[in-house]
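# Commentary on secondary and tertiary structure
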Amino acid sequence: MNGKIKVIITNDQNVMKVPTGVRMLIRRSCNAVLTNENFSGDAEISVTIVDDEKIHGLNKQYRNVDRSTDVLSFPLGENGVYDINYDTGAKMLGDIVISIEHAYMQAEKYGHSLQREIGYLTVHSLLHLLGYDHENGGLEAVRMREKEEESLTQMGLKRNGSYYIDE
């Protein structure tokens, strides 16, 4: 990664406490992914922390899915071409929206820390902003999973065995 990364983090909910260190964790997650992807130039990412009600509304509005979810990605680029912030020259990668309620719930469900969950959701979502997709399954999904683990392991947030729960 050669360039500056600006991560704009907004807490847009008051249902749950955002623990100390989560903002730094989100920044570290973004750094890890962009470093592993050999991203060049300056980058700007917006991360908004919301409650389930808010993410439900966004999911319905933008994806036509009438339920809450853990994280949504709104890419501003396509095929490696990004909008540029003309004030800074940075590539604007897009928006990540994380439901803090879902993050707490899933951390408990999978038996790992909230930090591991938020790290995972951030890494996963940023890979979407960079054009990775898992919707079609197959090799693409496997590649995305490997890239997620690579970044999380670097940050000391390796997955534990209990993560593989049958849905």
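These notes cover the structure that comes with them. Every chain is numbered on its own, with residues counted from 1 as its sequence reads. Only residues with pLDDT of at least 70 get local features here, since the model is predicted, and only at 80 or more are side-chain atom pairs given and counted; chain-wide, interface and lining totals rely on the full set of residues. Computation of side-chain values covers all heavy atoms of the structure but excludes hydrogens and water.

## What to know about the pairing of strand β2 (residues 43-50)
Exposed residues in this analysis have more than 50% of their type's maximum accessible area, buried residues have under 20%, and partly exposed residues fall in between, with area computed by a 1.4 Å probe over protein chains only. Helix and strand assignments follow DSSP, with helices taken as H or I runs no shorter than four residues and strands as E runs no shorter than two, numbered in order from the N terminus. Counting buried residues along β2, eight of its eight residues qualify, which places the element largely inside the surrounding structure. Here β2 shows two buried faces, one formed by Ala43, Ile45, Val47 and Ile49 and the other by Glu44, Ser46, Thr48 and Val50. For two strands to be treated as a pair, DSSP must find no fewer than two bridges joining them. Pairing of strand β1 (residues 5-11) with β2 involves seven bridges; the strand directions are parallel. Note on β2: the bridge partner recorded for Thr10 is Thr48. Looking down the strands as they point away from you, a crossover is right-handed if its path from the first strand over the helix to the second goes clockwise. For the crossover that starts at β1, traverses helix α1 (residues 22-36) and ends in the parallel β2, the hand is left-handed.

## Digging into the nonpolar core
By size, the foremost hydrophobic cluster in this structure holds 36 residues, and its most contacted members are Ile45, Leu93 and Leu126. Elements represented by at least two residues in this core include exactly β1, α1, β2, β6 (91-99), α3 (100-110), α4 (114-129) and α5 (138-154). Two residues qualify as a contact provided that any one of their heavy atoms is within 4.5 Å of a heavy atom in the partner residue. Those residues in contact with Ile45 that sit more than four places away from it in its chain are Ile5, Lys6, Val7, Ile8, Cys30, Leu34, Leu93, Gly94, Ile96, Leu126 and Leu129. Working definition of a nonpolar core: buried Ala, Val, Leu, Ile, Met, Phe, Trp, Tyr and Cys residues. They are joined through side-chain atoms within 4.5 Å. Counting five residues, the second-largest nonpolar core is a separate cluster that includes Val50, Ile55, Leu58 and Leu72.

## Quick notes on the pattern of salt bridges
Salt bridges, as used here, are contacts in which a Lys or Arg side-chain nitrogen is within 4 Å of a carboxyl oxygen on Asp or Glu. Counted under the stated rule, the structure contains six salt bridges. With a shortest N-O distance of 3.1 Å, Lys147 and Glu37 are connected by a salt bridge. One end of the pair, Lys147, is in helix α5; the other, Glu37, is in the loop between α1 and β2, and 110 residues separate them in sequence. Residue classification places Lys147 among the buried residues on the basis of a relative accessible area of 18%. Assessed through its relative accessible area of 22%, Glu37 is described here as partly exposed. The salt bridge involving Lys60 is made with Asp66; its shortest N-O contact spans 3.8 Å.

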